[in-house]
Amino acid sequence: MTAVDTAVLDHLDTDAVVALTQQLVRIRSVNDHGATVVEAPVADVVADLMRGFGWPVTVTEVAPGRPNVVAVVQGSAPGRTLMFEGHSDVVTPGDDTDWTFDPFAGDIVDGRLRGRGAADMKSGVAAMIHAARAVELAGFTGRLVVGVLADEEGMMRGAKHFAASPAAYGVDGPIDGVIVCEPEGGEICPVTKGAVRLRVDIHGRMAHGAMPQMGRNPVPVVARLILGLAELEQQLGERYPAHPDLGPFYLTPTVLAAGSAEQVNVIPALASVYLDLRTLPGMEHEGLVQVIGLLADQVADESGVTARVTVIDDRPPVDTDRDAPVVQALVTAHAAVGESPVVFGGVPGSTDGTILTRDAGLETVVYGPGGKWIAHQADEYADVSDILRCARVFAVAAAGFLAAP
């Protein structure tokens with residue numbers, strides 16, 4: 001490690017990193033897509049902490065009770081701008097009986113910090129905040145932006161709001177790189193799968209179950225559509241081979257909706273299937289949606305019904321160059337303090353980095369504490385050693401990135 005690295009790490013408060021993670025995990029900031037207050041309690045904690053550091057902080061609601069918190073930390077002279085980004089919401093724990101401990105325990109057992117959000121991603125939020133503080137205390141040039149954004153587990157409204165106007169958060173001028181602090185199991189991930197979420201509605205005609213000839217049943221049409229979509233997935237998989245870091249393209253039906261269990265004697269007028277597409281760099285989303293629309297129309301026409309495809313959300317893949325300065329800063333930092341070989345990987349889901357890249361043109365890379373595959377599962381945890389390792393890597397990466405001319 002360099003003298004600069006050592007100086008930064010000397011200012012990293014590792015006890016505070018762990019304590020903040022525990023405090024945040026114990027806050028039930030569950031994004032249940034209906035609550036009016038989700039992230040506000042987390043926002044209050046991190047905003048107060050940042051203000052206590054003397055940082056200028058902007059708190060902006062992107063929806064009632066759903067604030068973004070963004071701090072801008074100025075160095076001693078002009079230079080690059082690095083952003084650390086994380087989100088304050090978590091997914092539901094599901095059925096508490098599926099857990100072997102309190103989903104919001106925030107305790108430490110056998111070196112594991114336990115609870116919903118321990119990995120995804122309150123440990124990342126805690127690590128990045130205190131890493132930024134260590135860089136500030138050690139002295140730096142340039143600028144740090146620390147963003148704790150809302151609704152990542154939903155429609156990413158927090159990232160969309162920030163990306164639309166960074167200046168509204170006190171960020172004037174360019175942001176030269178973004179480290180998204182999501183859990184990736186020690187992998188440096190410059191690539192992320194894209195995501196397209198669709199609803200396909202098949203419109204038929206209601207009728208009595210005893211007289212199906214008087215109606216147009218959309219349910220069997222959805223079944224045929226799903227079979228056709230499986231064939232389409234296979235065809236597209238042959239055209240777009242699996243990515244070395246992201247794996248294969250997926251086209252997955254996730255929700256079926258039709259009729260009513262209380263009226264099994266009624267043929268419904270509408271049946272819907274929801275689709276989750278996970279795409280690779282080079283796949284053009286508009287064309288994919290058009291192909292699915294043509295398939296739906298074909299299947300519907302054959303049965304005398306109609307089809308309509310609605311795009312619910314569209315997030316393109318991220319393909320940041322491995323030689324990008326923000327990626328190389330992480331490579332150098334991980335090699336210095338990461339305690340394991342540098343491994344590149346890819347993000348199988350999507351992160352706020354997708355929006356920051358698409359809407360603001362920012363170079364993003366994903367790296368953070370927690371297992372890569374543990375997110376959204378019962379008995380979620382993050383190893384304390386991993387949390388502290390990532391905090392050290394964040395601090396050294398930021399110092400190196402900002403010191404470069």
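The coordinates are above.
Residues numbered from 1 in each chain as written. Predicted model: local features only at pLDDT ≥ 70, side-chain atom pairs only at ≥ 80, totals over all residues. Heavy atoms only, no water.

Asker: Lay out the overall build of the chain with the relevant residues and their values.
Answerer: Counting its regular elements, the chain contains ten helices and 18 strands. Rg of the C-alpha trace for the chain: 23 Å, near the compact-globule value of 22 Å for 405 residues, within the 12% margin. Taking the principal axes of its C-alpha atoms as reference, the chain extends roughly 80 × 45 × 40 Å. Looking at the 405 residues of the chain, the share that counts as buried comes to 53%. Accessible area for the chain stands at about 16,600 Å²; split by element, carbon and sulfur atoms hold 53% of it. Between the averaged position of the 28 positive side-chain charges in the chain and that of its 52 negative side-chain charges there is a distance of 4 Å. (Helix = DSSP H or I, 4+ residues; strand = E, 2+ residues; numbered from the N terminus. Rg over C-alpha atoms; globule rule 2.2 N^0.38 Å. Buried < 20%, exposed > 50% of the residue type's maximum accessible area, 1.4 Å probe, protein only. Areas by Shrake-Rupley, 256 points an atom, 1.4 Å probe, with all protein chains shown as cover. Lys, Arg positive; Asp, Glu negative; His and termini not counted. Charge placed at Lys NZ, Arg CZ, Asp CG, Glu CD.)

Asker: Which residues make up the sheet that holds strand β11 (residues 250-258), and what are the values?
Answerer: The sheet built from four strands is open, its strands ordered β11-β13-β9-β14 with antiparallel pairing. In this open sheet, the two strands that pair with only one neighbour each are β11 and β14 (306-315). Strand-to-strand, the axes of this sheet are offset by a mean angle of 20°, without reference to chain direction. (Pairing = 2+ DSSP bridges. Axes fitted to C-alpha atoms, helices over the stretch in contact; angles between N-to-C directions.)

Asker: Give a description of the sheet that holds strand β4 (residues 108-109) that names residues and reports values.
Answerer: What the three strands build is an open sheet, ordered β4-β5-β18; its pairing is antiparallel. Looking at the sheet topology across the chains shown, the edges are occupied by β4 and β18 (381-383). Taken together, the two bridges between β4 and strand β5 (residues 112-114) define a ladder with antiparallel strand orientation. In the sheet register, I108 faces β5, and the bridge partner there is L113. Of the strands in this sheet, β5 and β18 are in contact with helix α4 (residues 118-138), which crosses β18 at around 50°. Lying on the sheet, helix α10 (residues 384-403) is in contact with β4, β5 and β18; it crosses β18 at an angle near 65°. (Contact = heavy atoms within 4.5 Å.)

Asker: Quick one: what's the story with the packing of aromatic side chains, residue by residue and with numbers?
Answerer: Scanning all chains against the criterion turns up five aromatic pairs. Ring geometry for Y367 and F394: centres 6.1 Å apart, planes at 75°, overall edge-to-face. Of this pair, Y367 sits in the loop between β17 (364-366) and β18 while F394 sits in helix α10, and the two are 27 residues apart along the sequence. In this structure, Y367 and F394 share a single accessibility class: buried. Above the ring of F401, the side-chain terminus of R80 is found at 4.6 Å from the ring centroid. (Phe/Tyr/Trp six-rings, centres within 6.5 Å; stacked < 30°, edge-to-face > 60°. Lys NZ or Arg CZ within 6 Å of the ring centre and 35° of its normal.)

Asker: Can you tell me about helix α8 (residues 325-337), naming the residues and giving the values?
Answerer: Here α8 spans 18 Å end to end across 13 residues, near enough to the 18 Å set by a 1.5 Å rise per residue. Taken as a whole, α8 has its buried residues at V326, V327, A329, L330, V331, A333, H334 and V337. (Expected span 1.5 Å × (residues − 1).)

Asker: Which residues make up the pattern of salt bridges, and what values go with them?
Answerer: Opposite charge on two side chains lets them pair, provided their charged atoms get close. For the coordinates displayed, the defined rule picks out 17 salt bridges. R116 is the salt-bridge partner of E380, the closest N and O atoms lying 2.6 Å from each other. A residue pair is termed long-range when its members are at least 10 positions apart, and E380 in the loop between β17 and β18 and R116 in the loop between β5 and α4 qualify at 264 residues. The burial state of E380 is the same as that of R116; both residues are buried. (Salt bridge = Lys/Arg side-chain N within 4 Å of Asp/Glu carboxyl O.)

Asker: I'd like a description of a negative patch on the surface, backed by residues and values.
Answerer: Residues D176, D319, D321, D323 and E363 make up a contiguous surface patch of negative charge. On the secondary structure map, D321 appears in the loop between β15 (318-319) and α8. (Patch = residues over 30% accessible without salt bridge, like charges linked within 9 Å, V, L, I, M, F, W, Y side chains within 5 Å.)

Asker: Just give me the short version of the packing of α8 against α10, but keep the residues and values in it.
Answerer: Where α8 contacts α10, the two axes come as close as 8 Å, and the packing angle between them is 130°. If you check the angle between α8 and α10, you find them oblique. Crossing handedness for the pair α8 and α10: right-handed. Seen from α8, the contacting residues are P325, V326, A329, L330, A333, H334 and V337; seen from α10, they are R389, R392, V393, V396, A397 and F401. Looking at the contact of α8 with α10 residue by residue, the class counts come to ten nonpolar, one polar and two charged. (Parallel < 35°, antiparallel > 145°, perpendicular 65-115°, else oblique. Left-handed = near helix turned anticlockwise from the far one by under 90°. Nonpolar A, V, L, I, M, F, W, Y, C, P; charged D, E, K, R; others polar.)

Asker: I'd like to hear about the environment of T254, residue by residue, with values.
Answerer: Tracing the backbone through its elements, the reader meets T254 in strand β11. Residue contacts for T254: discarding those within four places in its chain leaves Y274, L275 and D276.

Asker: Go over the nonpolar core with me, naming the residues and quoting the values.
Answerer: Core analysis: the largest hydrophobic core is formed by 67 residues, its most contacted members being W55, F84, I129, L144, I179 and F394. The element that contributes the greatest number of residues to this core is α10, accounting for 14 residues. Among residues more than four places away in sequence, those in contact with L144 are A71, V72, V73, L82, F84, A132, V135, A398 and L402. In terms of nonpolar packing, the next biggest core, distinct from the first, is built from 29 residues, A271, V273, L280 and L288 among them. (Core = buried A, V, L, I, M, F, W, Y, C linked by side-chain atoms within 4.5 Å.)

Asker: I'd like a description of unusual backbone geometry, backed by residues and values.
Answerer: Between D120 and the following residue, M121, the backbone shows a cis peptide bond with an omega angle of -10°. Inspection of the secondary structure assignment puts M121 in helix α4. Even without a glycine there, the phi angle at D110 is positive, about 55°. Of note in this structure, D379 is not a glycine but carries a positive phi near 60°. The residue D379 is located in the loop between β17 and β18 in this model.

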